[in-house]
Amino acid sequence: MSAKREAKLIGWLRAAERVLAFCGAGVSAESGVPTFRGAGGLWEGHRVEDVATPEAFERDPLLVWRFYAARQKALQEVEPNPAHRVLAAMDAHFPEFLLVSQNVDNLHERAGSERLVKLHGSLMETRCTECERVTPCDPLPEAELDAGRLPHCRCGGLLRPNVVWFGEYLLAEHLRALEAFFERAAPDGKASPPVVLIIGTSGSVSGGYGLTQAARRSGARLVEINPAPSLLSREVDLPLREPAGVLLARIWPEVTREQR
Ligand code: OAD
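Residues numbered from 1 in each chain as written. Predicted model: local features only at pLDDT ≥ 70, side-chain atom pairs only at ≥ 80, totals over all residues. Heavy atoms only, no water.

Let us now look at the overall build of the protein chain. The helix and strand tally for the protein chain stands at eleven helices and eleven strands. Its C-alpha atoms give the protein chain a radius of gyration of 19 Å, within 12% of the compact-globule value 18 Å for 260 residues. In terms of principal-axis extent, the alpha carbons of the protein chain reach across some 65 × 30 × 30 Å. Summarising the internal contacts of the protein chain: among those between residues at least 6 apart in sequence, 69% fall at separations of at least 24. Put simply, the protein chain shows about 13000 Å² of open surface, and 52% of that area lies on carbon and sulfur atoms. (Helix = DSSP H or I, 4+ residues; strand = E, 2+ residues; numbered from the N terminus. Rg over C-alpha atoms; globule rule 2.2 N^0.38 Å. Contact = heavy atoms within 4.5 Å. Areas by Shrake-Rupley, 256 points an atom, 1.4 Å probe, with all protein chains shown as cover.)

What follows is the structure, given as structure tokens:
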């Protein structure tokens, strides 16, 4: 049964010219980055949802920065896994490709992905709460935070992590990039249908983004790669229940193999 589904995916990808991958925390799970909703979603006894909000930052910026500094530091100890690498290879392979990731880690970039939309921002960037300037950053030294010193912009404003928190909006330019992909991908009767790969997301946040509806309107084939069912599973054509790195590393040589 699953061999049949896998063969179907290989066939769709071999024929596809337009592919969109929509990813979540599950893609980085095989690198050792914990998912949000796995293991109780706790950090030092706080619910992750309670430290990742604008209200939490207003109330206790040191606590919020300590959370993000720990996650920045943890990134230095992990490497991209085969899922990140195959996604980067897809970027180089398909004429029309877009990787839309909810992950704030930097593993897609480190694997070589270029056509990348980081929907929820980046752990390795700060944004000034006054002038809005976005700057790449190194992990914030814990000693600074232990001494009660918060990072500041050269304009004097307090810096925050450049991530989208609960209760905040996605960037309009990111939503436009998604829309533009689907506009270009709309069925024209000639090309083979676009393929949308939904990989490693529970859908608890992304379920509200309208992705599957937009994909349907464009005539896309929807595939889910996730060892467990998600809130999006009912809307896909082809669910594949395996870890992303394992599955993608196995199918990619088949997708790209020269046919005689
Ligand atoms: P979740 O933690 O909600 O879900 C992770 C998903 O990955 C689950 O469906 C798992 O079954 C799946 N998974 C686990 N291991 C996997 C593997 N090896 N291969 C494939 N899938 C695997 O993470 P997200 O859906 O990404 O938002 O969470 C969405 C957003 O909620 C995050 O971006 C973050 C969070 O709060 C913000 O920070 C705004």
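Take empty space enclosed by the protein next. Applying the stated criterion across every chain yields a total of one cavity of 30 Å³ or more. Taken as a whole, the largest cavity spans an internal volume of roughly 30 Å³. Taken together, Phe36, Arg37, Val48, Glu49 and Phe166 make up the lining of the largest cavity. Here the residues of the lining of the largest cavity sort into three nonpolar, no polar and two charged. (1 Å grid on protein atoms, 1.4 Å probe; cavity = no way out; pocket = protein on both sides within 12 Å on 5 of 7 lines; lining within 4 Å. Points joined across faces, edges and corners; volume = space filled by probe spheres on them. Nonpolar A, V, L, I, M, F, W, Y, C, P; charged D, E, K, R; others polar.)

The volume enclosed by the largest pocket comes to roughly 730 Å³. Lining the largest pocket are 42 residues, and of these Ala25, Phe36, Arg37, Gln102 and Ser202 lie nearest its centre. When residues of the lining of the largest pocket are assigned to their parent elements, the largest contribution, three residues, is made by helix α5 (residues 61–75). Considering only residue class, the lining of the largest pocket consists of 21 nonpolar, 16 polar and five charged.

Okay, the site of the ligand next. Around the ligand sit 23 residues in total, of which Arg37, His120, Phe166, Thr201 and Ser202 are the nearest. A distance of 3.3 Å is found between an oxygen atom of the ligand and a backbone nitrogen or oxygen belonging to Gln102. A distance of 2.6 Å separates an oxygen atom of the ligand from a polar atom in the side chain of Ser202. If the ligand stood free it would expose 790 Å²; the protein chains cover 89% of that surface. Here the residues of the shell around the ligand sort into eleven nonpolar, ten polar and two charged. (Near = heavy atom within 4 Å. Polar contact = N/O pair within 3.5 Å; in protein donor to acceptor, adjacent residues only side chain to side chain.)

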